[in-house]
Amino acid sequence: ADEALDLARRAGARTQIGFLEAVISQRHYTEGDWDAALATWGPMIDDPGYAPPMWATLVCRRAIVRLARGDEQGAREDVDRALERSRVRHESLPDALATAARVHAELGALDRARRYAEELVADPRSDPNPYVTAGPVLAELGVGEKVRAKLEPGTESSALIPPVLAQA
């Protein structure tokens, strides 16, 4: 990704630059270097002319970081922005629903969180990635069995599924 980003910058390929910067920032996020991820995400999220295809996913990741750092209002604002954009542009809706469920559950808004979790489970897509984000709250929200029914048939397809099922 680093080499591809260098090539994209030399070619002036703005869309590819945005995408690759988003990919690299995800690596920072998963490795726990949240400051580096946030430094990349800020300009990408806030500049309306510079929105990579994963914009809503980045906003969701920022919401999780904000929540972990005690910025409850920032986390709520991010999930609201991600949900709004996801519904309009039909991008990353499962990520936005999973993040909204987790953020609202962890902030004690269980009814609201449950609505987002139910909508996530009802979504016809079967990608397990969003369930990793929501995993810590799925059982608390009462959707564990529905998640189990949706994901268990595909346990061989992803290493992400068994940890999610363990929490559900």
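Residues numbered from 1 in each chain as written. Predicted model: local features only at pLDDT ≥ 70, side-chain atom pairs only at ≥ 80, totals over all residues. Heavy atoms only, no water.

Regarding its fold elements, the protein presents ten helices and zero strands. Counting from the amino terminus, the protein carries its helices and strands in the arrangement α-α-α-α-α-α-α-α-α-α. A compact globule built from 168 residues should have a C-alpha radius of gyration of about 15 Å, and the protein, at 16 Å, falls within 12% of that. In terms of overall dimensions, the protein has a C-alpha envelope of 50 × 40 × 30 Å along the principal axes. When the 168 residues of the protein are sorted by exposure, 47% land in the buried category. Restricting to contacts in the protein with at least 6 residues of sequence separation, those with at least 24 account for 54%. Carbon and sulfur atoms form 51% of the exposed surface of the protein, whose accessible area is close to 8,400 Å². Put simply, the protein has 21 plus and 27 minus side-chain charges, and the middle of one group is 3 Å from the middle of the other. (Helix = DSSP H or I, 4+ residues; strand = E, 2+ residues; numbered from the N terminus. Rg over C-alpha atoms; globule rule 2.2 N^0.38 Å. Buried < 20%, exposed > 50% of the residue type's maximum accessible area, 1.4 Å probe, protein only. Contact = heavy atoms within 4.5 Å. Areas by Shrake-Rupley, 256 points an atom, 1.4 Å probe, with all protein chains shown as cover. Lys, Arg positive; Asp, Glu negative; His and termini not counted. Charge placed at Lys NZ, Arg CZ, Asp CG, Glu CD.)

In total, this model carries one aromatic pair according to the counting rule given. A centroid spacing of 5.8 Å and a plane angle of 50 degrees characterise the contact between tyrosine 29 and tryptophan 41, whose relative ring orientation is tilted. Of this pair, tyrosine 29 sits in helix 2 (residues 14-30) while tryptophan 41 sits in helix 3 (residues 34-46), and the two are twelve residues apart along the sequence. With respect to burial, tyrosine 29 and tryptophan 41 carry one shared label: buried. (Phe/Tyr/Trp six-rings, centres within 6.5 Å; stacked < 30°, edge-to-face > 60°.)

For the rest of this paragraph, the subject is the nonpolar core. Nonpolar side chains tend toward joint burial in soluble globular proteins. Core analysis: the largest hydrophobic core is formed by 45 residues, its most contacted members being Tyr131 and Val147. Here this core gets nine residues from one element, more than from any other, and that element is helix 4 (residues 55-68). Apart from the residues lying within four places of it in its own chain, the contact partners of tyrosine 131 are Leu120, Val121, Leu138, Val147, Lys150, Leu151 and Val164. The next biggest cluster of nonpolar side chains, apart from the first, holds five residues, and it includes Leu5, Ala8, Leu20 and Ile24. (Core = buried A, V, L, I, M, F, W, Y, C linked by side-chain atoms within 4.5 Å.)

Tracing the backbone shows alanine 63 in helix 4. Its relative accessible area of 0% is what places alanine 63 among the buried residues. For the pair alanine 63 and lysine 150, spaced 87 residues apart in the sequence, the C-alpha separation amounts to 26 Å. Setting aside chain neighbours within four positions, we find alanine 63 in contact with Ala75, Asp78, Val79, Thr99 and Val103.

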